Amino acid sequence: DLTATPGENWIVQQGNLAGQRHSSLTGISASNVKNLKQAWHVKLTTKTPEPLLQLGGEAPQLEYNGTIFAEDQYGRVYARNATTGAAVWVFEPHSKKINIPAKDQGVFKIAGPWASTRGLAMDNGLIFAEEQTGKVVALNAQTGKIAWANQISPASQGIGLSQPPTIYNGMDLG
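Thresholds, definitions, all that
Residues numbered from 1 in each chain as written. Predicted model: local features only at pLDDT ≥ 70, side-chain atom pairs only at ≥ 80, totals over all residues. Heavy atoms only, no water. Core = buried A, V, L, I, M, F, W, Y, C linked by side-chain atoms within 4.5 Å. Buried < 20%, exposed > 50% of the residue type's maximum accessible area, 1.4 Å probe, protein only. Helix = DSSP H or I, 4+ residues; strand = E, 2+ residues; numbered from the N terminus. Contact = heavy atoms within 4.5 Å. Salt bridge = Lys/Arg side-chain N within 4 Å of Asp/Glu carboxyl O. Pairing = 2+ DSSP bridges. Axes fitted to C-alpha atoms, helices over the stretch in contact; angles between N-to-C directions. Polar contact = N/O pair within 3.5 Å; in protein donor to acceptor, adjacent residues only side chain to side chain. pLDDT = per-residue confidence, 0-100.

**Student:** What's the story with the nonpolar core in this structure? I'm lost.
**Tutor:** In a soluble, globular protein the nonpolar side chains are often hidden away together inside. Among the nonpolar cores identified, the biggest contains 13 residues, and Phe69, Val77, Trp89, Phe91, Leu120, Ile127 and Leu139 are the most heavily contacted of them. Elements that contribute at least two residues to this core include exactly strand E3 (77-81), strand E4 (87-91), strand E6 (126-130) and strand E7 (135-140). When near neighbours in sequence (up to four residues on either side) are disregarded, valine 77 contacts Ala70, Glu71, Trp89, Val90, Phe91, Leu120, Ile127, Ala129 and Leu139.

**Student:** I would appreciate a short explanation of the pattern of salt bridges in the present structure.
**Tutor:** For side chains of opposite charge, pairing can occur when their charged atoms come near one another. According to the stated counting rule, one finds two salt bridges in the structure shown. A salt bridge links arginine 76 to aspartate 72, with the nearest nitrogen and oxygen atoms 3.0 Å apart. As far as burial versus exposure is concerned, arginine 76 and aspartate 72 are alike and both buried. Across the pair arginine 76 and glutamate 92 runs a salt bridge, and its minimum N-O distance is 3.0 Å. Remark: glutamate 92 occurs in the loop between E4 and helix H1 (105-108) and arginine 76 occurs in the loop between strand E2 (67-71) and E3; sequence separation between them is 16 residues. Among the residues examined, arginine 76 registers a relative accessible area of 2% and is labelled buried. Where salt bridges share partners, they join Asp72, Arg76 and Glu92 into one cluster.

**Student:** Please explain the sheet that holds E6 as it appears in this structure.
**Tutor:** Think of a sheet as strands paired side by side through backbone hydrogen bonds, with each pair either parallel or antiparallel. Taken in spatial order, the four strands of this open sheet run E5-E6-E7-E8, and their pairing is antiparallel. What marks the edges here is a single partner per strand, and that holds for strand E5 (121-123) and strand E8 (146-151). Taking the axes of each pair of neighbouring strands and ignoring which way they run, one obtains an average angle of 20 degrees across the sheet.

**Student:** What's the story with the side chain of aspartate 72 in this structure? I'm lost.
**Tutor:** Following the sequence through the fold, aspartate 72 ends up in the loop between E2 and E3. For aspartate 72, the side chain forms a polar contact with the side chain of tyrosine 78, separated by 2.9 Å.

**Student:** Teacher, can you tell me more about the environment of glutamate 130 here?
**Tutor:** Note on placement: glutamate 130 falls in strand E6. Sequence-wise, glutamate 130 and glutamate 71 are 59 residues apart; in three dimensions their C-alpha atoms are separated by 10.0 Å.

**Student:** Just to check I follow, could you spell out the confidence of the model for the chain for this structure?
**Tutor:** Detailed conclusions should not be drawn from predicted coordinates in areas where pLDDT is low. When pLDDT is averaged across the chain, the result is 78; 72% of the residues are at 70 or more. Throughout residues 109-113 the model reports pLDDT below 50, and contacts reaching past four residues in sequence, or to other chains, amount to 16 contacts.

This is the structure in structure tokens:
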């Protein structure tokens, strides 16, 4: 239920559709938080050259059934084992460099898909992400393979999502 307070899984960007950013888990408290230790750390990198623009990322992670899904500032999507940090899969976006006229470059750097990556969504075994050219991709959560993709508008228009995809009842609400 995307409207319930999250517990074992964090499947919506801010915890639930109301954006409460609160978990119902009670294992960590004011009295034991000082005992927490880092379980693992990983630097998200690949051997693929950096695509398109190099802007900051603003994409919090999602977690479902022991897998963490994360997006870096280039739009790569990573699935990692939440317990060990071991890689499950990496999705490389298919963003192609496009020619933006010099007079328009300032606009495209702050609008739509040209801005920072905004995050992921999940529903029905799929992970949803937006590529920097304004294409929404649905990835199989188990394999990272593309299930489907949809171009929102021509990439040259710089139109895209200014937030992570919001999925509800099988529909991408934007």
